[in-house]
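Overview (structure and organization)
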Amino acid sequence: MENYNIDASVTLVKNFAQNKTVLIPIIEQFNELKNDMELPATVSWLPNLLNLKVTKKSQFHEHVWDYNEDYLNPPKSVQGAKLRIDFNDYPCIPDFVMTEIKCLLHMCTLIPVAFRKKKKKRAERIAIRPNTVITQFRAGLRYIDKVFEDLSSLGQEFVEERFQSLTDILDSDFRKTAKSFEFTAGTELRQFFNYLNHPYTKNILGSSIKIDFESLEWPAREIKRREAKQYFENEDFEQLMLHSTFTVIDFLSRMSQEVEDKTALKHFYAFNKKLDLNFDFDESTLNDYVLLRLWSKGYSQSFIASKCHIPKEFCDQSGTLYYHEEIRKIMNGKHNIRHFDHVRKYINQVYYASAFLTAQLTGMRPEELSEIRISSCLIEHEGFDVLVSNVKKNDLENLTLFDDKWVAIPIMKDAIKAASLISPLKNNDFLFSNMDTVSPDKTPTSMGSAGIKHFIDNYLNVVLGKERTKAIKFNAYMFRHSLAYQLHRIELGLPFISFQLKHVVDDVGKYTSFGSSSGTTLGYGEIAENIIANKSMNKSIRRDAEVERIKTVMDPDGVYAGPKAQEHKARLNKVFQGYMDLGYTKDEIFDAMAEQGMAVINVGTGFCFGGMEDYDKSIPCIGSLRCNPIRCKNAIVGKANIPKWKEVYASNVSLLSKDGYEDRKSQLIEAIEEAKQVLIYLGEALD
């Protein structure tokens, strides 16, 4: 909007405030734009206000204001109803009061700078989005509507005469309504009160108004706590990451595609994770299946030829494709396919795995995930492969780590490659999109938050089972929270998928101003904190990781392996019993330990020999992750050690078949056997 229009709008609103006494008697009739009314000269400008364009689609006098065309590239989660406000939903509010609120709303969206606090904090410099203001005003309108509903008990004529403006409502009236207000009095309502209390609002209401939100008494409400955590539990995270990784690698291997993640490929072969399919699957199978899906959906033969190769055996003598049922019969024999549903499920699982890895290792928000386009999301920037979403940011100064470009680690590039090979059969370039093939007469679309939840729930059902999926209560922000949690865990020496998380940190460190973290773990938690902007949420996630770390090595009821395990457990029982005799619970003791920073203490020699007189400096201890109960008489190990020993096992297995290592074969076999024994010691069976 041009400055002239802004100035004109502000002038009209100020004129409205200055002429309350003249306008109150006539606003009800004139709101319906009965232009044949004769207006006093002092308010001859009123039609200009009522006809004012408040949005690209709405005028001031209308009962619905629609901001959908005013918000450039809004996330799918806020499109539609969340960018509209219907003033008809609040029937108890008098016309003049509603007009005052309309003026306030218009000024909040038109010149938000006028309502900012004097302190220019960074967060206050960010432009407020229409959906945010609408949510705040909906909360405020519900409250004001209830105030007038309560006042109506005094008699309608009295209310119409006594309460003609917002400034006429008494503090006692606000307090009375607050006590019985049935809606949540949250941050949105608090912000609406802030607008009412702001000094600039005097220009809109004609006089000041003061409502002390904090001093109002609201009904006591039982806080509904979310039973499931905001991030994936470790066992679920490990299972999902490994299954997704090996599924993508299995697919790319069958397609004769190069795998970028060499470490994951090494694990894939070492632990024999190739899927056992009951049909033949390679490039030819996928090509024919793409053809079948598009042909069955009604696409032309010429279009299909642009997406895949058309084998001669699928065509008649004139070169025209057979009916799709005939093509199915040919494919049955060609690829040993018993039922095409088996092919569909395998391809769907690969696609789900690709999308999961991309989401989990970027920590994108749902609106960013929904805009990833497979064909254009991978680019090179400053010498690094990065992944971008098509989300347009209105405020470039608001960009932070992981809000603009996401460093593409090897497995992410593998995931996008797998998705790109599958997407032609859907004819949809959006990564997060329905698994069905788009009809020729429809435009491909992506998913919003609800669609992403359904999409991922389908995958969780396959990997974790329906009961576990139901218990997790997945939401699209769990990717972001889970990544932060796992980065905190790896800093504390508790990684599950250490090679992929290390790629995230090292590559991000090289690409951003954080600096490389390859030589130290200090950068992991710092990056995790930048993923979660909400300080209280990040603190909670960090604390959970610290408590887990402590429980892993200091739980008197935990399971430990190694020559000194029983002695260690006896020592812990003695310490904990003393505190528990004083009335503390185990959880309270763990929390106190976390508060004292015990989670970041190295569990190397200091832990193994803590409190022991026979400290032996000659023992070459290399720290907790590779603590070795086979070689070291002081070793105390638990489940946290498993991932590292799996890497040792996989690394040496892969070297056995490499040229140039023939003379070290006996050493490699010895290392493999040692790692195997440690894993067995820890109760980890090797396939």
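Residues numbered from 1 in each chain as written. Predicted model: local features only at pLDDT ≥ 70, side-chain atom pairs only at ≥ 80, totals over all residues. Heavy atoms only, no water.

**Comments concerning the overall build of the protein**
Along the backbone of the protein there are 29 helices and five strands. In the protein, which comprises 687 residues, the proportion classed as buried is 48%. Once local pairs closer than 6 in sequence are excluded, the contacts in the protein between residues at least 24 apart make up 67%. (Helix = DSSP H or I, 4+ residues; strand = E, 2+ residues; numbered from the N terminus. Buried < 20%, exposed > 50% of the residue type's maximum accessible area, 1.4 Å probe, protein only. Contact = heavy atoms within 4.5 Å.)

**Re a nonpolar patch on the surface**
Together, Val-575, Tyr-579, Leu-582 and Tyr-584 line one region of the surface with nonpolar side chains, adding up to about 440 Å² of accessible area. Within the secondary structure, Val-575 sits in helix α25 (residues 565-581). (Patch = residues over 30% accessible without salt bridge, like charges linked within 9 Å, V, L, I, M, F, W, Y side chains within 5 Å. Areas by Shrake-Rupley, 256 points an atom, 1.4 Å probe, with all protein chains shown as cover. Salt bridge = Lys/Arg side-chain N within 4 Å of Asp/Glu carboxyl O.)

**A word on the nonpolar core**
In terms of nonpolar packing, the biggest core is built from 80 residues, with Phe-232, Phe-251, Ile-347, Leu-431, Phe-432 and Phe-455 touching the most fellow members. Secondary structure elements with two or more residues in this core: α11 (234-254), α12 (262-270), α13 (283-297), α15 (324-335), α16 (340-362), α18 (410-426), α19 (449-464) and α21 (478-491). If one sorts the elements of this core by residue count, α16 sits on top with 13 residues. Residues contacting Leu-431, with those up to four places away along its chain left out, are Tyr-351, Ala-355, Thr-358, Ile-372, Ile-374, Ile-416, Ala-419 and Lys-426. One finds Leu-52, Val-54, Tyr-71 and Leu-105 within the second-largest nonpolar core, a separate group that totals 66 residues. (Core = buried A, V, L, I, M, F, W, Y, C linked by side-chain atoms within 4.5 Å.)

**Some remarks on the pairing of strand β3 (residues 378-381)**
Where β3 lies against strand β4 (residues 384-388), four bridges are found, and the strand directions are antiparallel. Bridging from a neighbouring strand, Glu-380 pairs with Asp-385 of β4. Between the end of β3 and the start of β4, which pair antiparallel, lie two residues, with Glu-382 showing a positive phi angle near 55 degrees. (Pairing = 2+ DSSP bridges.)

**Remarks on the packing of α11 against α16**
Look at α11 against α16: their axes get within 9 Å of each other, and the N-to-C directions meet at 125 degrees. One way to sum up the angle between α11 and α16 is to call them oblique. Like other packed secondary-structure pairs, α11 and α16 cross with a definite hand, here left-handed. Contact residues: α11 offers Phe-237, Leu-240, Met-241, His-243, Ser-244, Thr-245, Thr-247, Val-248, Asp-250, Phe-251 and Arg-254, while α16 offers Tyr-346, Gln-349, Val-350, Ala-353, Ser-354, Phe-356, Leu-357, Gln-360 and Leu-361. For the contact of α11 with α16, the per-class residue count stands at 11 nonpolar, seven polar and two charged. (Axes fitted to C-alpha atoms, helices over the stretch in contact; angles between N-to-C directions. Parallel < 35°, antiparallel > 145°, perpendicular 65-115°, else oblique. Left-handed = near helix turned anticlockwise from the far one by under 90°. Nonpolar A, V, L, I, M, F, W, Y, C, P; charged D, E, K, R; others polar.)

**Section: the sheet that holds β4**
Read across the open sheet, the three strands follow the order β3-β4-β5; overall the sheet is antiparallel. Lying at the two open borders of the sheet, with one neighbouring strand each, are β3 and β5 (405-407). Here the average twist between neighbouring strands, direction ignored, is 45 degrees. Examined bridge by bridge, β4 and β5 share three bridges and lie antiparallel to one another.

**Side note on the pattern of salt bridges**
According to the stated counting rule, one finds 16 salt bridges in the structure shown. Asp-250 is paired through a salt bridge with Arg-254; the nearest N and O atoms lie 2.8 Å apart. Taken together, the residues Asp-250 and Arg-254, both in helix α11 and four residues apart, mark about one turn of the helix. Given a relative accessible area of 14%, Arg-254 falls into the buried group. Between Glu-368 and Arg-365 there is a salt bridge, with the nearest N and O atoms lying 3.2 Å from each other. In this structure Glu-368 comes out as buried when scored by relative accessible area, which is 1%.

**Some words on the packing of helix α5 (residues 95-110) against helix α6 (residues 130-151)**
The contact between α5 and α6 brings their axes to 11 Å, and the two run at 165 degrees. If you check the angle between α5 and α6, you find them roughly antiparallel. For the crossing formed where α5 meets α6, the hand is right-handed. Here Val-97, Met-98, Ile-101, Leu-104, Leu-105, Cys-108 and Thr-109 of α5 lie close against α6, whose contacting residues are Val-133, Phe-137, Leu-141, Ile-144 and Phe-148. Within the contact of α5 with α6, the residues separate by chemical class into 11 nonpolar, one polar and no charged.

**So, the environment of Leu-216**
Within the secondary structure, Leu-216 is located in the loop between α10 (202-205) and α11. For the pair formed by Leu-216 and Lys-176, sequence separation is 40 residues and the distance between their alpha carbons is 8.9 Å. In this view, Leu-216 contacts Tyr-143, Phe-174, Arg-175, Ala-178, Phe-193 and Ile-211; residues no more than four positions away in its chain are not counted.

**Details of the packing of aromatic side chains**
A full pass over the atoms with the stated rule returns 36 aromatic pairs. Plain terms: the ring middles of Phe-16 and Phe-96 are 5.0 Å apart, the flat faces sit at 20 degrees to each other, and that makes the pair stacked. Of this pair, Phe-16 sits in helix α1 (residues 3-18) while Phe-96 is found in helix α5, placing the two residues 80 residues apart along the sequence. What makes Phe-16 buried here is its relative accessible area of 0%. Here Phe-193 and Phe-213 contribute two aromatic rings whose centre-to-centre distance is 5.6 Å and whose plane-to-plane angle is 70 degrees, an arrangement assigned as edge-to-face. Of the two residues, Phe-193 sits in helix α9 (residues 187-197) while Phe-213 sits in the loop between α10 and α11, which places them 20 residues apart along the sequence. Assessed through its relative accessible area of 0%, Phe-193 is described here as buried. Clustering of aromatic rings is evident, with ring pairs tying together Phe-115, Phe-137, Tyr-143, Phe-174, Phe-181, Phe-183, Phe-192, Phe-193, Tyr-195, Tyr-200, Phe-213 and Trp-218. (Phe/Tyr/Trp six-rings, centres within 6.5 Å; stacked < 30°, edge-to-face > 60°.)

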